[in-house]
Amino acid sequence: MSAVPLQQDVEAGVERVRESIARACQRAGRDPGTVTLVAISKGQPVEAVRAANAAGLRHFGENRIQEAVPKTEAAKAAGVEATWHLVGHLQSNKAKAAASSFDVIHSVDSLKLLARLDGAAPAPRDVLLQVNIAAEPQKQGVAADEVAALVEAAREAANLRLRGLMTIAPIAADPEDVRPVFRDLRELAERFALTDLSMGMTDDFEVAIEEGATLVRVGRAIFGERTT
Ligand SMILES: *Cc1c(COP(=O)(O)O)cnc(C)c1O
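Residues numbered from 1 in each chain as written. Predicted model: local features only at pLDDT ≥ 70, side-chain atom pairs only at ≥ 80, totals over all residues. Heavy atoms only, no water.

Undergrad: Quick one: what's the story with helix H5 (residues 111–120), residue by residue and with numbers?
TA: Residues of H5 that are buried: Leu-113, Leu-114, Leu-117, Asp-118 and Ala-120. Elements that come into contact with the buried residues of H5 comprise helix H4 (95–101), strand S4 (104–108), strand S5 (125–130), helix H6 (147–156) and strand S6 (160–166). (Buried < 20%, exposed > 50% of the residue type's maximum accessible area, 1.4 Å probe, protein only. Helix = DSSP H or I, 4+ residues; strand = E, 2+ residues; numbered from the N terminus. Contact = heavy atoms within 4.5 Å.)

Undergrad: Kindly report on helix H1 (residues 7–28), identifying the contributing residues and their values.
TA: Look at H1: 32 Å from first C-alpha to last across 22 residues, which is about the 32 Å you get at 1.5 Å a residue. All of the buried residues in H1 are Val-10, Gly-13, Val-14, Val-17, Ser-20, Ile-21, Ala-24 and Cys-25. End-on view of H1: buried residues confined to an arc of 135°, all on one side of the axis. In H1, the exposed residues that point more than 90 degrees away from the buried face are Gln-8, Arg-16 and Gln-26. (Expected span 1.5 Å × (residues − 1). Arc of directions from axis to C-beta.)

Undergrad: Quick one: what's the story with the side chain of Ser-198, residue by residue and with numbers?
TA: Among the structural elements, Ser-198 can be located in strand S7 (residues 196–198). Its relative accessible area of 0% is what places Ser-198 among the buried residues. Separated by 2.9 Å, the side chains of Ser-198 and Arg-217 make a polar contact. Residue contacts for Ser-198: discarding those within four places in its chain leaves His-106, Leu-128, Leu-165, Met-166, Thr-167, Leu-185, Leu-215 and Arg-217. (Polar contact = N/O pair within 3.5 Å; in protein donor to acceptor, adjacent residues only side chain to side chain.)

Undergrad: How would you sum up unusual backbone geometry? Please name residues and give values.
TA: The phi torsion at Ala-135 lies on the positive side, around 50°, for a residue other than glycine. As for its position among the elements, Ala-135 is in the loop between S5 and H6. For Ala-193, which is not a glycine, the phi torsion comes out positive at approximately 55°. Given the relative accessible area of 62%, Ala-193 is considered exposed.

Undergrad: Quick rundown of the pattern of salt bridges? Include the residues and the values.
TA: Inspection of every chain in the model, using the stated rule, returns 16 salt bridges. Measuring nitrogen to oxygen at the nearest pair gives 3.7 Å for the salt bridge that ties Arg-186 to Glu-190. One end of the pair, Arg-186, and the other, Glu-190, are both in helix H7 (residues 179–191), four residues apart, so they sit about a helical turn from each other. Glu-211 is the partner of Arg-186 in a salt bridge, and the nearest nitrogen-oxygen pair spans 3.1 Å. Of this pair, Arg-186 sits in helix H7 while Glu-211 sits in the loop between helix H8 (205–210) and strand S8 (215–218), and the two are 25 residues apart along the sequence. One connected set of salt bridges, linked through shared partners, spans Arg-27, Glu-176, Arg-179, Arg-183, Arg-186, Glu-190, Glu-206, Glu-210 and Glu-211. (Salt bridge = Lys/Arg side-chain N within 4 Å of Asp/Glu carboxyl O.)

Undergrad: Now, about the packing of aromatic side chains: what can you tell me, with residues and values included?
TA: Enumeration according to the criterion identifies one aromatic pair in this entry. Here the aromatic rings of Phe-60 and Trp-84 are separated by 5.6 Å at their centres, their planes lie at 35°, and the arrangement is tilted. A residue pair is termed long-range when its members are at least 10 positions apart, and Phe-60 in strand S2 (residues 59–62) and Trp-84 in strand S3 (residues 83–86) qualify at 24 residues. Note on accessibility: Phe-60 and Trp-84 belong to one class, buried. (Phe/Tyr/Trp six-rings, centres within 6.5 Å; stacked < 30°, edge-to-face > 60°.)

And the structure:
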């Protein structure tokens, strides 16, 4: 675990990110209320979650089940009321653990996982389909042409509410370079009348918002560099 970030540093990070979100919304003519900031607390101790919660954040994201399950429980015990998002790869044999600890699962990328989640969810869960929109080798997510089958299955699932699409953009020196990736995800979501777009991280969330992101997943800009 990394060192505990100071409350004042987390507050300053949250403030900076909020200002950047507001500026990006202004450029795009969007209402900032349509963008949900999901604070990615992976690699951070539960105290960091508490600090961000005290600074007004209500959405937290984690990428690994093993790390997240005890953290979500500790956060709840510490009085943090939050919506928890799973943003990392999920193996179908961990679907049950994921469905009980997380409210929103961004990383659905197979029919098998979809079926497992549907069967395991103790209550209806929100899901997004992860798309490897840039078709990068060895990257998680389904290909764009596989989305239709997953959309159909997700819409038939009794315990899942299909919210939208998620992508992780390629690493780029200039965030402008990934703008076409975000645009392609938006167009794909529009084709299926899906409203949510989970895209944009510390290095590229402003561009993602300009291209329609409704969920931005931001870690380092809030908590500082991860040391783990
Ligand atoms: C770690 C992670 C993030 C946040 O990344 P930062 O660069 O720290 O903002 C967002 N999405 C996913 C899927 C991640 O694994």
